[in-house]
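Residues per chain, in single letters:
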Amino acid sequence: MTDIPKLQFAGVQKRFGSNRVLNGIDLEVMPGESLVVIGGSGSGKSVMLKCVLGLLSPDSGSIKVDGREIIGTNGSERAQVMRKFGMLFQGSALFDSLPVWQNVAFGLIQGRGMEPEPAKAIALEKLAAVGLRDEIGDLYPAELSGGMQKRVSLARAVAAQPEIIFFDEPTTGLDPIMSDVINNLIVKSVRELGATALSITHDMASARKIADRVAMIYQGKIIWQGPIGEIDRSGSDFVDQFINGRAEGPIHMQVRAN
Amino acid sequence: MNLLAAIGRTFITFLTNVGRLVLFSAVSVSHCARPPFYFRLIGRQLIDIGYYSLPVVGLTTLFTGMVLALQSYSGFARFNAESAVATVVVLSITRELAPVLAGLMVAGRIGASMAAEIGTMRVTEQIDALTTLSTSPFKYLVVPRLIAGLTMLPILVLIGDMVGVFGGFLIGAYKLGFNPSSYIRSTWEFLEPVDVISGLVKASVFGFLIALMGCYHGYHSRGGAQGVGAATTNSVVSASILILISNYGITDLFVNR
């Protein structure tokens, strides 16, 4: 392992109007590591991820990939960084106008200019790796169940062999068994690629399965981080309340708009 | 005081939206000129906007030409100017009615579907997914629609011109008792190339505006099904208003040239 983090956040801030969503995020993910960020709804998890992906611009702070600043980059410089990324979206975000195999091969064909034939071969191989038969490749996303869509989305995320894979609530909306299947596939895919993974979730079963290290975000700040094995003795009341799913504790969920 | 604040807020929102639209247009146009080009997607949009809009544009202009012949005949008969019917039909259709009516019909058919499609892609994170797959949503979604709108509407209007004039001819020759060959001669007699060209220029501008409004409202839609519904409505309303306003501007340019 090198000393340069694969992904590094330093003092990242983001506000929407008067609502400060990210309040100085400091976080590092080392190469080959799987970091899971846990936190409640509205804690800033998704915004943090969107800042790395360039879908939102932070107000201040720094985000580095392989030691190189990515905030403010655009054009070919940004495209180069994006080639290192793979992303599994919460709602799968499959292109419903394209058959499954074209969804999986999309990054290869459109992003990297690969010919459709070899791209299809890779897509079918990736689909097989997530347990989907070749025939599924010709179906459209609307014809698949939620769990199958998640698998296709996972196959799409890893198809272009990214160096860093982001998982946004990978098990949301799935039954416990399918959640476990997806978790296993995530672990397998990340290990096979030797990729670095950054996941955000509020599903502790998922976090325990896929994380090497866990960080907890609360009110736009990382309030605790450590190896997954230490999460039950974190010494943080916030973490304890969250992982045990208690309504009572230092975290007060906003139950009505003020 | 509250009233002033409300007016100020509305004005600032209006300016923000105008600025956002101008930026969106500038970025979209700049992407039109830079590779990569998605020719397959451009082709699909050309067929969607051009071929599939033919029936609605054809029917609209056919009946407009027929009504125009009837109306102008009954009006002109009051001062014995029935012979001007063919000229009035061809000039009205080519200069005004075909481009404006085709524009409004296509705004309803295509503008709405563009806003709904892109809006759904926005709220289901498909547009974000495009970005993460190293594909510009502008190049992939907006550029093909703008190019198709810009190029297909003039072709639709040219066909609409012919169908509309044919509609007037049908009524003139078979209902109002004009001699068919003299009706056709009157149609050609006072028609100048600029009459048709001005209509085609309008059609191009309208096609661009329809596609721009559909893409813009879809791209900026928020909040699920309700947001997509609002985007759809806004795209049709704003495209229709812009068509009517720009129609005056272009007409003024051609009339006062």
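The structure presented is a predicted model; accordingly, all values stated were derived computationally and were not measured.

Q: Whenever I open this one, the overall build of chain A confuses me. Can you help?
A: Along its length, chain A carries eight helices and ten strands. Of all 258 residues assigned to chain A, the portion counted as buried reaches 42%.

Q: Before we go on, may I ask you to explain the overall build of chain B in this structure?
A: Helix and strand content of chain B: nine helices and zero strands. Seen in sequence order, chain B has helices and strands lined up from the N terminus as α-α-α-α-α-α-α-α-α. Out of the 257 residues belonging to chain B, those deemed buried represent 46%. Here the analysis covers contacts within chain B between residues at least 6 apart in sequence; of these, 88% occur between residues at least 24 apart.

Q: Just to check I follow, could you spell out unusual backbone geometry for this structure?
A: In most cases, non-glycine residues show a negative phi, while peptide bonds are predominantly trans. Residue and element names in this part refer to chain B. In this chain, Pro 35 is followed by Pro 36 through a cis amide linkage whose omega measures 0 degrees. Looking at where Pro 36 falls in the secondary structure, it is placed in the loop between helix H1 (2-32) and helix H2 (39-49). Not every positive phi belongs to a glycine, and Glu 125 is a case in point at roughly 65 degrees. Positionally, Glu 125 belongs in the loop between helix H4 (85-123) and helix H5 (126-132). Taking the C-beta count within 10 Å as the criterion, Glu 125 has 20 such neighbours and is therefore assigned buried.

Q: Please clarify how the sheet that holds strand S9 (residues 213-218) of chain A should be interpreted in this entry.
A: Strand pairing in a sheet takes place through backbone hydrogen bonds and is either antiparallel or parallel in direction. Residue and element names in this part refer to chain A. Reading across the sheet, the six strands line up as S6-S7-S8-S3-S9-S10 and stay open at both edges, with mixed pairing between neighbours. Only two strands of the sheet have a single neighbouring strand rather than two, namely strand S6 (85-88) and strand S10 (221-227). Averaged over all neighbouring strand pairs, the angle between strand axes comes to 15 degrees, with direction disregarded. Alignment of strand S3 (residues 34-38) against S9, held across four bridges, turns out to be parallel. The partner of Val 36 across the bridge, within S9, is Val 214. Contacts from helix H1 (residues 45-53) reach S3, S6, strand S7 (164-168), strand S8 (196-201) and S9, with the element oriented near 150 degrees to S7.

Q: Before we go on, may I ask you to explain helix H4 (residues 116-129) of chain A in this structure?
A: Counting along an α-helix, one turn takes 3.6 residues, and residues three or four places apart therefore face a common direction. Residues and elements named next belong to chain A. With 14 residues, H4 extends 20 Å between its outermost C-alpha atoms, agreeing within 8% with the 20 Å of an ideal straight helix rising 1.5 Å per residue. Looking at the buried positions of H4, the neighbouring elements they touch are helix H3 (100-111) and helix H5 (146-159). Phi turns positive one or two residues past the end of H4, at Gly 131, with a value near 85 degrees.

Q: Help me out: how do you make sense of the pairing of S10(A) in this one?
A: Remember that side chains alternate between the two faces of the sheet whenever the strand is regular. Residues and elements named next belong to chain A. The sheet contact formed by S9 and S10 spans six bridges and is antiparallel. Following the sheet pairing, Met 216 is matched in S10 by Trp 224. Counted along the chain from S9 to the antiparallel partner S10, the turn is two residues long, and its residue Gln 219 has a positive phi close to 50 degrees.

Q: Got a minute to help me understand the nonpolar core in this structure?
A: A general feature of soluble globular proteins is that nonpolar side chains tend to end up buried together. Judged by nonpolar contacts, the single largest core of 136 residues is most densely connected at Val104(A), Ile165(A), Val89(B), Ala102(B), Leu209(B), Ile210(B) and Cys215(B). Per-element accounting of this core gives the leading share, 19 residues, to H4(B). Discounting chain neighbours no more than four positions away, the residues touching Ile210(B) are Gly103(B), Val106(B), Ala107(B), Ile110(B), Gly111(B), Gly149(B) and Ala239(B).

Q: Sorry if this is basic, but what is going on with the environment of Leu170(B) here?
A: Within the secondary structure, Leu170(B) is located in helix H6 (residues 137-174). Given 16 C-beta atoms within a 10 Å radius, Leu170(B) is considered partly exposed.

Q: How should I be thinking about the interface of chain A and chain B in this particular structure?
A: Often, the extent of an interface is quoted as the loss of accessible area upon association of its parts. Facing 16 residues of chain A, the contacting portion of chain B comprises ten residues. Here the element with the most residues in the side of chain A that touches chain B is H3(A); it accounts for four residues.

Q: Would you mind going over the sheet that holds strand S5 (residues 68-69) of chain A with me for this structure?
A: Residues and elements named next belong to chain A. In space, the four strands of this open sheet follow the order S2-S1-S4-S5, with antiparallel pairing throughout. Looking at the sheet topology across the chains shown, the edges are occupied by strand S2 (19-29) and S5. Taken together, the five bridges between strand S1 (residues 7-16) and strand S4 (residues 60-65) define a ladder with antiparallel strand orientation. Bridged to Gln 13 within S4 is Ser 60. Strands S1, S2 and S4 of the sheet are contacted by H1, whose axis makes an angle of about 65 degrees with S2.

Q: Looking at this model, I keep getting lost on the packing of H2(B) against H6(B). Mind explaining?
A: The angle between the axes and the distance between the axes are what describe a pair of packed helices. Residue and element names in this part refer to chain B. Interhelical geometry of H2 versus H6 gives an angle of 45 degrees and a closest axis separation of 8 Å. Between H2 and H6, the angle falls in the class oblique. The two elements H2 and H6 meet at a crossing, and its hand is right-handed. Only Tyr 140, Pro 144, Arg 145, Ile 147, Ala 148, Gly 149 and Met 152 of H6 make contact with H2, whose side of the interface consists of Leu 41, Ile 42, Gln 45, Leu 46 and Ile 49. Here the residues of the contact of H2 with H6 sort into nine nonpolar, two polar and one charged.

Q: Before we go on, may I ask you to explain helix H7 (residues 180-189) of chain B in this structure?
A: All names here are of chain B. When we look at burial in H7, the residues that qualify are Tyr 183, Ser 186 and Thr 187. Seen along its axis, H7 keeps its buried residues to an arc of 105 degrees; they face one direction. In H7, the exposed positions that point more than 90 degrees away from the buried face belong to Ser 181, Arg 185, Trp 188 and Glu 189. For H7, the elements touching its buried residues are H4 and H6.

Q: For this particular structure, what's the right way to read the packing of H3(A) against H4(A)?
A: Residue and element names in this part refer to chain A. At a minimum axis separation of 8 Å, H3 and H4 run at an interaxial angle of 125 degrees. Relative to H4, the element H3 is oriented oblique. At the point where H3 passes H4, the crossing takes the right-handed sense. Two secondary-structure elements touch here, H3 through Trp 101, Val 104, Ala 105, Leu 108 and Ile 109 and H4 through Pro 116, Ala 119, Lys 120, Ile 122, Ala 123, Leu 124, Lys 126 and Leu 127. A breakdown of the residues in the contact of H3 with H4 according to their chemical character gives eleven nonpolar, no polar and two charged.

Q: What's the story with the confidence of the model for chain B in this structure? I'm lost.
A: Looking at chain B, pLDDT values average 93 and 100% of them are 70 or higher. Confidence metrics for the complex model read pTM 0.87 and ipTM 0.86.

Calculation notes
Residues numbered from 1 in each chain as written. Chains lettered and ligands numbered in written order. Predicted model: local features only at pLDDT ≥ 70, side-chain atom pairs only at ≥ 80, totals over all residues. Helix = DSSP H or I, 4+ residues; strand = E, 2+ residues; numbered from the N terminus. Buried ≥ 20, exposed ≤ 12 C-beta atoms within 10 Å, placed from the backbone. Contact = placed C-beta atoms within 7 Å. Pairing = 2+ DSSP bridges. Axes fitted to C-alpha atoms, helices over the stretch in contact; angles between N-to-C directions. Expected span 1.5 Å × (residues − 1). Core = buried A, V, L, I, M, F, W, Y, C linked by C-beta atoms within 7 Å. Parallel < 35°, antiparallel > 145°, perpendicular 65-115°, else oblique. Left-handed = near helix turned anticlockwise from the far one by under 90°. Nonpolar A, V, L, I, M, F, W, Y, C, P; charged D, E, K, R; others polar. Arc of directions from axis to C-beta. pLDDT = per-residue confidence, 0-100.

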